[in-house]
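Examination of the molecular architecture
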Amino acid sequence: MSKDKTPRLMVIGSINIDLVADVERLPREGETVQALGFQQHLGGKGANQAAVAALAGAESVLVGRVGDDVFGPQAVQGLERAGVDCSLVTTAAGTPTGAAMITVGRRGENTIVVVAGANGTLTAADVERAAAELARCDAVLMQFEVPDEVVLAAADAIARLHGDEGDAGRAPLFVLNPSPYRASAVPPPGTVDVLVVNELEAQEMTGLPVETAHDAAEAARRLLRTLREGGHVVVTLGEDGAVALSDDEERTPLHIPAMNVQAVDTTGAGDTFTGALIRELCAGRSMAEALRFATAAAAVTVTRPGAQSSFPRRAEVEDMLARAPEAAPLDGPRR
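Residues numbered from 1 in each chain as written. Predicted model: local features only at pLDDT ≥ 70, side-chain atom pairs only at ≥ 80, totals over all residues. Heavy atoms only, no water.

1. A word on the overall build of the protein
How we decide: By the criteria applied, helices consist of DSSP H or I runs no shorter than four residues and strands consist of E runs no shorter than two, each listed in order from the N terminus. What the globule rule says is 2.2 Å times the number of residues to the power 0.38, and the radius of gyration is computed from C-alpha atoms. Exposure classes here rest on a 1.4 Å probe applied to the protein chains alone. A residue is buried below 20% of its type maximum, exposed above 50%, and partly exposed in between. It only takes one pair of heavy atoms within 4.5 Å for two residues to be counted as in contact. Computed by Shrake-Rupley with a 1.4 Å probe, the accessible areas treat only the displayed protein chains as cover when residues are assessed. The sign given to each residue is positive for Lys and Arg and negative for Asp and Glu; His and the chain ends receive no count. Charge positions are represented by NZ for Lys, CZ for Arg, CG for Asp and CD for Glu.
On a plain count of helices and strands, the protein comes out with 10 helices and 14 strands. Taking 20 Å as the expected radius of gyration for a compact globule of 335 residues, we find that the protein reaches 19 Å, a close match to that expectation. Over its C-alpha atoms, taken along the principal directions, the protein stretches across nearly 55 × 45 × 40 Å. Counting the 335 residues in the protein, one finds 55% classified as buried. Counted over contacts in the protein with a minimum sequence separation of 6, partners at least 24 positions apart contribute 69%. Carbon and sulfur atoms provide 50% of the accessible area of the protein, an area that totals close to 14,300 Å². Averaging the coordinates of the 29 positive side-chain charges in the protein and doing the same for the 46 negative ones gives two points 3 Å apart.

2. What about the sheet that holds strand β8 (residues 139-143)?
Keep this limit in mind: Two strands make a pair as long as DSSP finds a minimum of two bridges between them. Where helices are involved, their axes are fitted lines through C-alpha atoms of the stretch in contact, as for all axes, and angles between N-to-C directions lie from 0 to 180°.
Taken in spatial order, the 10 strands line up as β5-β4-β1-β8-β9-β10-β11-β12-β13-β14 in an open sheet, and their pairing is mixed. Edge positions in the sheet fall to β5 (84-92) and β14 (328-329), since each has one partner strand and no second. Across 2 bridges, strand β9 (residues 173-177) lies against strand β10 (residues 194-198) in parallel orientation. Considered in β10, the bridge of Leu-176 is made with Leu-195. Of the strands in this sheet, β11 (232-236), β12 (242-246) and β13 (254-256) are in contact with helix α9 (residues 287-301), which crosses β13 at around 20 degrees.

3. Observations regarding the sheet that holds strand β3 (residues 35-43)
Reading across the sheet, the 4 strands line up as β3-β2-β6-β7 and stay open at both edges, with mixed pairing between neighbours. Sheet topology places β3 and β7 (110-115) at the edges, where each strand pairs with a single neighbour. For this sheet, the mean angle separating the axes of adjacent strands, direction not counted, is 15 degrees. Looking at chain direction, strand β6 (residues 98-104) and β7 are connected through 6 bridges and run antiparallel. Note that in β7 the partner of Ile-102 across the bridge is Ile-112. Running at roughly 70 degrees to β3, helix α2 (residues 71-81) makes contact with β2 (16-23) and β3 of the sheet.

4. Some points on the side chain of His-41
Note the following rule: Any pair of nitrogen or oxygen atoms within 3.5 Å is treated as a polar contact; in protein, a donor-acceptor pairing is required on top of that, and neighbouring residues in sequence qualify only through side-chain atoms on both sides.
Its place among the elements puts His-41 in strand β3. For His-41, a relative accessible area of 12% puts it in the buried group. Looking at His-41, its side chain comes within polar contact range of the side chain of Gln-39, at 2.6 Å.

5. Quick word on the pattern of salt bridges
Inclusion rule: One side-chain nitrogen of Lys or Arg within 4 Å of one carboxyl oxygen of Asp or Glu is enough to make a salt bridge.
Tallied over the full model, the rule gives 22 salt bridges. Between Arg-129 and Asp-126 there is a salt bridge, with the nearest N and O atoms lying 2.6 Å from each other. Separated by 3 residues within a single helix, Arg-129 and Asp-126 lie in helix α3 (residues 124-129), roughly one turn from each other.

6. Examining the nonpolar core
Defined as follows: Think of a nonpolar core as a cluster: buried Ala, Val, Leu, Ile, Met, Phe, Trp, Tyr and Cys residues, connected wherever their side-chain atoms sit within 4.5 Å.
Of all hydrophobic cores here, the largest spans 56 residues; its most connected members are Leu-62, Val-234, Leu-277, Ile-278 and Leu-291. Sort the elements by how many residues they give to this core and α9 lands first, with 10 residues. Setting aside its immediate chain neighbours within four residues, Leu-291 contacts Val-234, Ala-244, Leu-254, Ile-256, Phe-273, Leu-277 and Ala-327. Of all hydrophobic cores here, the second largest spans 45 residues; its members include Val-140, Ile-158, Ala-171 and Leu-224.

Structure representation (structure tokens):
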């Protein structure tokens, strides 16, 4: 794929309303704390990644479902303002829009409780209805805030394109961000092209402890064997940055440190990283270039409150790139 091509990405996933309480510190089990403030934002991992990709310069189409409450139209309108094609977003009658109750501490740390709502009514039939559009895309992004059958149907649809002699060359990348993780939703081996996991998900998927960049590289080596030939694994490590491993001749893990910024709210940072990373890879950027762009995008996001309300436009990320670190071989020198 040539550089500077405008990629077309499909995201199949959740659409939520985020209800956010700001607190001095996160409550302990059984404890009640007084909120410092309350905010309402648009969120959901699927919607977030679709919005990030659109703001970063992709043609972004979302497959999802909202409820027939007051929040449904708000969510769709917000996504359309970000540039997301919502023609494949439908409404579930008699069902509320998905919601997330989020508590954010002074340092930007958070806890999140997700209510599936309309997201839980998405089915494999929705994937089948989107099949023609899916085949036109450069990548399809999935998360685990929708039912297992939806994830598995997307994996199967892309596998069929690989199996069709006439379509194999234009089958989209299948990108999996298995969050929140559950083993029952993991597609069969050899069907995923790009796997993006945080340290907890990497640990759950491999059984290996993941605390350092070297731990992440070892987990990535194990996970890479489960992907389609030519695949990529990216393990995000929060304040310690991210580690990526690609199925290429060198198979050398790359590490990029996180940027040192004043975090206000880390909600949506992982979705920003994922959406920006895949947009850049599909535009023909190298993994090192894509990691740097994604790191800069996430750094902008954490300096603002909320999820979609905090996502940067491309020009803002490019301004941040002047301060962004370079990705480098894990054991090599870093500029």
